[in-house]
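# Structural description and commentary
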Amino acid sequence: PIIEKLTGVRVTAQAWGAAAMAMVGAAILELSGGEVPGIGDFLALLQPVMFGYNFFRTEQVMRKFPDQALPISTIQVLVCALLGLAWTLVDAHGVPDLSGLLAHVQDPVFDMALLWVSLLSTAFILVLQSVSLGKLPSSEVAVVFSSEPLWAAGFA
């Protein structure tokens, strides 16, 4: 809602409440360990802000191109893949040894998990997200997304 407010969009009290709950929830999860907060905690607290920005921008693009959810989602998946690759290269100080990973590729359980995570948990969800952001304000979609930890805890 902060980004919407800065751009002149009317923001409901419900959206402000949801944003506050999301930030408080992230803070509780990250800062309740009793240790001094570090860069990882900062990045985790930045996550709701970046999700909000992504929702806001996707909403704008979907309003402009309402029948382009699949191409928009494809770009998002490619960006995720490229950022993941860049992170891996930086973290491993170059190309990591993939021999251990290649051994797992022949395991059907690993293959199914990889398909589930890549196709359903990422690509399909991004398409649904794009479609919903073409029909609903990003602040309302953020309310649904901020409840995700509750659903995860409920199904765990």
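Quick note: structure is the one above.
Everything numeric in this text was worked out from a predicted model, so none of it was measured.

### Comments concerning the pattern of salt bridges
Think of it this way: side chains of opposite charge can pair up when their charged atoms draw near. By the definition in use, this model includes one salt bridge. One salt bridge in this structure joins R63 and E59, with 3.3 Å as the shortest N-O distance. Of the two residues, R63 and E59 are both situated in helix α3 (residues 39–64); the distance of four residues between them amounts to about one turn of the helix. R63 sits in the partly exposed class, given a relative accessible area of 43%. Residue E59 is classed as buried on the basis of its relative accessible area, which comes to 11%.

### A look at the side chain of S73
Summarising the element assignment, S73 is placed in helix α4 (residues 69–91). Residue class for S73 comes out buried when judged on its relative accessible area of 2%. Contacts of S73, omitting those with residues within four sequence positions, involve L126, V127 and S130.

### Remarks on the packing of α3 against α4
Running from N to C, α3 and α4 cross one another at 150 degrees; their axes reach a closest spacing of 11 Å. By crossing handedness, the relation of α3 to α4 is classed as right-handed. Between α3 and α4, the contacting residues are N54, T58, V61 and M62 on the first element and A69, I72 and Q76 on the second. When its residues are assigned to classes, the contact of α3 with α4 shows four nonpolar, three polar and no charged.

### Observations regarding the environment of L101
Inspection of the secondary structure puts L101 in helix α5 (residues 99–104). L101 sits 42 residues away from E59 along the chain, and the two C-alpha atoms are 37 Å apart.

### Quick look at the layout of surface pockets
As a volume, the second largest pocket reaches approximately 250 Å³. Together, G84, L85, T88, L89, V95, P96, L98, L101, L114, V117, S118 and T122 line the second largest pocket. Classifying every residue of the lining of the second largest pocket gives eight nonpolar, four polar and no charged.

### What to know about unusual backbone geometry
Only a minority of non-glycine residues have a phi that is not negative, and only a minority of peptide bonds are not trans. Even without glycine at this site, H93 takes up a positive phi of about 55 degrees. Note that H93 resides in the loop between α4 and α5. Assessed through its relative accessible area of 77%, H93 is described here as exposed.

### Describing α4
Here α4 contains 23 residues, and its C-alpha end-to-end distance of 32 Å stays within 8% of the 33 Å for a straight helix at 1.5 Å per residue. Among the residues making up α4, those that are buried are A69, I72, S73 and Q76. Packed against the buried residues of α4 are α3 and α6 (108–135). Where α4 ends, the next residue or the one after it, H93, has phi of about 55 degrees, a positive value.

### A closer look at the environment of P71
For P71, the location among the structural elements is in helix α4. Using a relative accessible area of 39% as the deciding quantity, one classes P71 as partly exposed. Along the sequence, P71 and V127 sit 56 residues apart, while their C-alpha atoms lie 9.0 Å from each other.

### Details of a nonpolar patch on the surface
A surface patch of nonpolar side chains, amounting to about 1100 Å² of accessible area, comprises F51, M112, L115, W116, V117, L119, L120, F124, I125, L128, V144 and F145. Among the elements that line the nonpolar patch, the one with the most residues is α6, at nine residues. Its place among the elements puts W116 in helix α6.

Reading the values: the criteria
Residues numbered from 1 in each chain as written. Predicted model: local features only at pLDDT ≥ 70, side-chain atom pairs only at ≥ 80, totals over all residues. Heavy atoms only, no water. Salt bridge = Lys/Arg side-chain N within 4 Å of Asp/Glu carboxyl O. Helix = DSSP H or I, 4+ residues; strand = E, 2+ residues; numbered from the N terminus. Buried < 20%, exposed > 50% of the residue type's maximum accessible area, 1.4 Å probe, protein only. Contact = heavy atoms within 4.5 Å. Axes fitted to C-alpha atoms, helices over the stretch in contact; angles between N-to-C directions. Left-handed = near helix turned anticlockwise from the far one by under 90°. Nonpolar A, V, L, I, M, F, W, Y, C, P; charged D, E, K, R; others polar. 1 Å grid on protein atoms, 1.4 Å probe; cavity = no way out; pocket = protein on both sides within 12 Å on 5 of 7 lines; lining within 4 Å. Points joined across faces, edges and corners; volume = space filled by probe spheres on them. Expected span 1.5 Å × (residues − 1). Patch = residues over 30% accessible without salt bridge, like charges linked within 9 Å, V, L, I, M, F, W, Y side chains within 5 Å. Areas by Shrake-Rupley, 256 points an atom, 1.4 Å probe, with all protein chains shown as cover.

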